[in-house]
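The primary structure of each chain is shown beneath.
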Amino acid sequence: MFTHFGAIESARVLTHKSCGFINFESMEDAVVAKKVMHGQEIFGPGTGAVRIGFAKVPPKQSPSDSPSPG
């Protein structure tokens, strides 16, 4: 249901937590998908509105932060 917004890099569904994660190749595609899909009842009437947010991107490690070999 999200593929028509753009190329998807990866997707993961956690059914036991009733949530999922979709990584688009393009940030712009992710923004459009959120605008269109947030608040929609994507599984049919009475199933509840889907909530969509953006994940926090972990900070990149600098070379000095990586463990030293040894």
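Look up: the structure comes first, before these words.
Just so you know, these numbers come straight off a predicted model, no measurement behind them.

K.L.:
Is there a simple way to think about the overall build of the chain in this case?
P.N.:
Check the secondary structure of the chain and you find 1 helix and 2 strands. In the chain, the succession of helices and strands from N to C terminus is β-β-α. Looking at the chain as a whole, 16% of its 70 residues are labelled buried. Summarising the internal contacts of the chain: among those between residues at least 6 apart in sequence, 20% fall at separations of at least 24. Carbon and sulfur atoms provide 56% of the accessible area of the chain, an area that totals close to 6,100 Å².

K.L.:
Could you clarify how one ought to interpret the layout of surface pockets in this entry?
P.N.:
To locate leftover empty space, one rolls a probe as large as a water molecule over the atoms. By volume, the largest pocket is sized at about 1,200 Å³. In terms of lining, the largest pocket is formed by 31 residues, of which the most central are G20, F21, I22, I52 and G53. Elements that contribute at least two residues to the lining of the largest pocket include exactly β1 (8–14), β2 (19–24) and α1 (27–37). With 6 residues, β2 is the single largest residue contributor to the lining of the largest pocket.

K.L.:
Sorry if this is basic, but what is going on with the environment of S10 here?
P.N.:
Along the chain, S10 falls in strand β1. For S10, a relative accessible area of 31% puts it in the partly exposed group. Separated by 14 residues in the primary sequence, S10 and F24 place their C-alpha atoms 7.1 Å from one another. Every residue in contact with S10, bar those within four places of it in the chain, is listed here: F21, I22 and N23. Side chain to side chain, S10 and N23 meet in a polar contact 2.8 Å long.

About the criteria used
Residues numbered from 1 in each chain as written. Predicted model: local features only at pLDDT ≥ 70, side-chain atom pairs only at ≥ 80, totals over all residues. Heavy atoms only, no water. Helix = DSSP H or I, 4+ residues; strand = E, 2+ residues; numbered from the N terminus. Buried < 20%, exposed > 50% of the residue type's maximum accessible area, 1.4 Å probe, protein only. Contact = heavy atoms within 4.5 Å. Areas by Shrake-Rupley, 256 points an atom, 1.4 Å probe, with all protein chains shown as cover. 1 Å grid on protein atoms, 1.4 Å probe; cavity = no way out; pocket = protein on both sides within 12 Å on 5 of 7 lines; lining within 4 Å. Points joined across faces, edges and corners; volume = space filled by probe spheres on them. Polar contact = N/O pair within 3.5 Å; in protein donor to acceptor, adjacent residues only side chain to side chain.

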